[in-house]
Amino acid sequence: MEIIYIVIGIFLFWLVRTLHKIRAREQEEADKKIAFAKWAKEQHDPHIVSMVQNFMSEGRFKTWEEAAIYAEQALNTPPREPRSTSHANDTEGTPS
């Protein structure tokens, strides 16, 4: 009979810890959503918010902060000029 009480005690201890961890994880997720909503309201460029949402839905970044930094860098860097092979061929025939 004592073994049953010990097993029940261990089970209840495990159950309480597990439920506490789940609740803490859900609270953390809710805090992240609130923080993202505040950040999105403060943004003046809706393209950044849209890009961050897309990155997060694709799973490319673990946090929205990382996705926001990447999106801001992507929008702030000037586009590179594409290198065409015809331009490289044009310069080969000209004397230097």
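Further up the page is the structure itself.
A short tour of the structure in this document, coming up. Because the structure is a prediction, the values reported are computed rather than measured.

1. So, the packing of aromatic side chains
One pass over the full model with this rule turns up seven aromatic pairs. Look at Trp39 and Trp64: their rings are 5.3 Å apart centre to centre, the planes differ by 45°, and that puts the pair in the tilted class. Remark: Trp64 occurs in helix H3 (residues 64-76) and Trp39 occurs in helix H1 (residues 2-42); sequence separation between them is 25 residues. Trp64 shares its class with Trp39; the two are buried. A connected cluster of aromatic rings, assembled from ring pairs, spans Phe36, Trp39 and Trp64.

2. A short note on the packing of H1 against helix H2 (residues 46-58)
Direction vectors running N to C along H1 and H2 enclose 150°, while the axes themselves pass 9 Å from each other. With respect to H2, the axis of H1 lies roughly antiparallel. For the crossing formed where H1 meets H2, the hand is right-handed. Packed against H1, whose contacting residues are Phe36, Trp39 and Ala40, the element H2 presents Ile48, Val49, Val52 and Gln53 at the interface.

The rules we used
Residue positions are counted from 1 within each chain, in the order its sequence is given. The predicted nature of this model means local features are confined to residues of pLDDT at least 70 and side-chain atom pairs, given and counted, to a pLDDT of 80 or more, with totals for whole chains, interfaces and linings taken over all residues. Calculated side-chain values reflect all of the structure's heavy atoms, with hydrogen atoms and water omitted. Each pair of aromatic rings taken from Phe, Tyr and Trp, with Trp reduced to its six-membered ring, is defined by centres within 6.5 Å and is described as stacked if the planes are under 30 degrees apart, edge-to-face if over 60, and tilted in the remaining cases. Under the scheme used here, helices are H or I runs from DSSP no shorter than 4 residues and strands are E runs no shorter than 2 residues, and both carry numbers assigned from the N terminus. Relative accessible area decides the class of each residue, using a 1.4 Å probe on protein chains only: under 20% of the type maximum gives buried, over 50% gives exposed, and in between gives partly exposed. Only the stretch in contact is used when fitting a helix axis, every axis being a line fitted to C-alpha atoms; angles between N-to-C directions are given from 0 to 180 degrees. Angle categories: roughly parallel below 35 degrees, roughly antiparallel above 145, roughly perpendicular from 65 to 115, and oblique for all the rest. Each crossing gets its hand from how the near helix is turned against the far one by less than a right angle, where anticlockwise is left-handed and clockwise is right-handed. Only heavy atoms enter the contact rule, under which two residues are in contact if any of them lie within 4.5 Å.

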